[in-house]
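Next come the chains, spelled out residue by residue.
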Amino acid sequence: MEQIRIKYVSDKIEKLCYVDGKSDWIDLRAAEDVELKQGEFRLIPLGIAMELPAGYEAHIVPRSSTYKNFGIIQANHMGVIDETYCGDNDQWCFPAIALRDTVIHTNDRICQFRIMEHQPKIVFCEVESLGHADRGGFGSTGKQ
């Protein structure tokens, strides 16, 4: 089991906890009250800094209920924090854009993260054909 050193920048949020067997995503909470008007952008502090293990990164995304509950979306759609962002003042934040007027309270769960190993080194090999039948279309639907 990996141990990750964490510093709580805020004493107003619940401590992180990994719930084995439920999900391998861990909820993150707003570390302060935030009021946003429609169209406003704000970095919402999450109240933590971490020292990720070498070779790992954190992927941060909104919770499935974030838009419904708060009317915000994540500006970069998915955040990536690598192991070099590990100083005492390297507080994690959620870059939010408000699509309606909203209030987010301290300790509200607004996003989630998981730890992933870095992608292995790869080499692209150019070929004339991939040797598979065309599915014809766009993405997994097979329709245009």
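On to the pairing of strand E8 (residues 79-82), then. Burial along E8 is one-sided: Gly79 and Ile81 are buried, and none of Val80 and Asp82, which face the opposite way, are. Summarising the sheet, strand E6 (residues 56-62) and E8 pair through four bridges and their orientation is antiparallel. Bridged to Ile60 within E8 is Gly79.

This part takes up unusual backbone geometry. The phi dihedral of His77 falls on the positive side, at around 65 degrees, and the residue is not glycine. Tracing the backbone through its elements, the reader meets His77 in the loop between strand E7 (72-74) and E8. The class for His77 is exposed, based on a relative accessible area of 59%. If you check the backbone angles, Asn107 has positive phi at about 85 degrees while not being a glycine. Position of Asn107 relative to the elements: it lies in the loop between strand E10 (102-104) and strand E11 (109-117).

Within the open sheet, the four strands sit side by side as E2-E11-E6-E8. Their pairing is antiparallel. Bordering the open sheet on either side are strand E2 (26-29) and E8, each of which pairs with just one other strand. Direction aside, neighbouring strands of the sheet carry axes that sit 30 degrees apart on average.

The next subject is the pattern of salt bridges. The tally for this structure, following the rule as stated, stands at seven salt bridges. One salt bridge connects Glu51 with Arg5, and the closest N-O pair in it is separated by 2.5 Å. Here Glu51, found in strand E5 (residues 48-51), pairs with Arg5, found in strand E1 (residues 5-8); they are 46 residues apart in sequence, far enough to count as distant. Note on Arg5: relative accessible area 63%, which makes it exposed. Between Arg114 and Asp24 there is a salt bridge, with its nearest N and O atoms 2.5 Å apart. Of this pair, Arg114 sits in strand E11 while Asp24 sits in the loop between E1 and E2, and the two are 90 residues apart along the sequence. Take Arg114: its relative accessible area is 24%, and that puts it in the partly exposed class. Since its relative accessible area comes to 37%, Asp24 is described here as partly exposed. A single network of salt bridges, built from pairs that share partners, joins Asp27, Arg63 and Arg109.

Definitions and limits used
Residues numbered from 1 in each chain as written. Predicted model: local features only at pLDDT ≥ 70, side-chain atom pairs only at ≥ 80, totals over all residues. Heavy atoms only, no water. Buried < 20%, exposed > 50% of the residue type's maximum accessible area, 1.4 Å probe, protein only. Helix = DSSP H or I, 4+ residues; strand = E, 2+ residues; numbered from the N terminus. Pairing = 2+ DSSP bridges. Axes fitted to C-alpha atoms, helices over the stretch in contact; angles between N-to-C directions. Salt bridge = Lys/Arg side-chain N within 4 Å of Asp/Glu carboxyl O.

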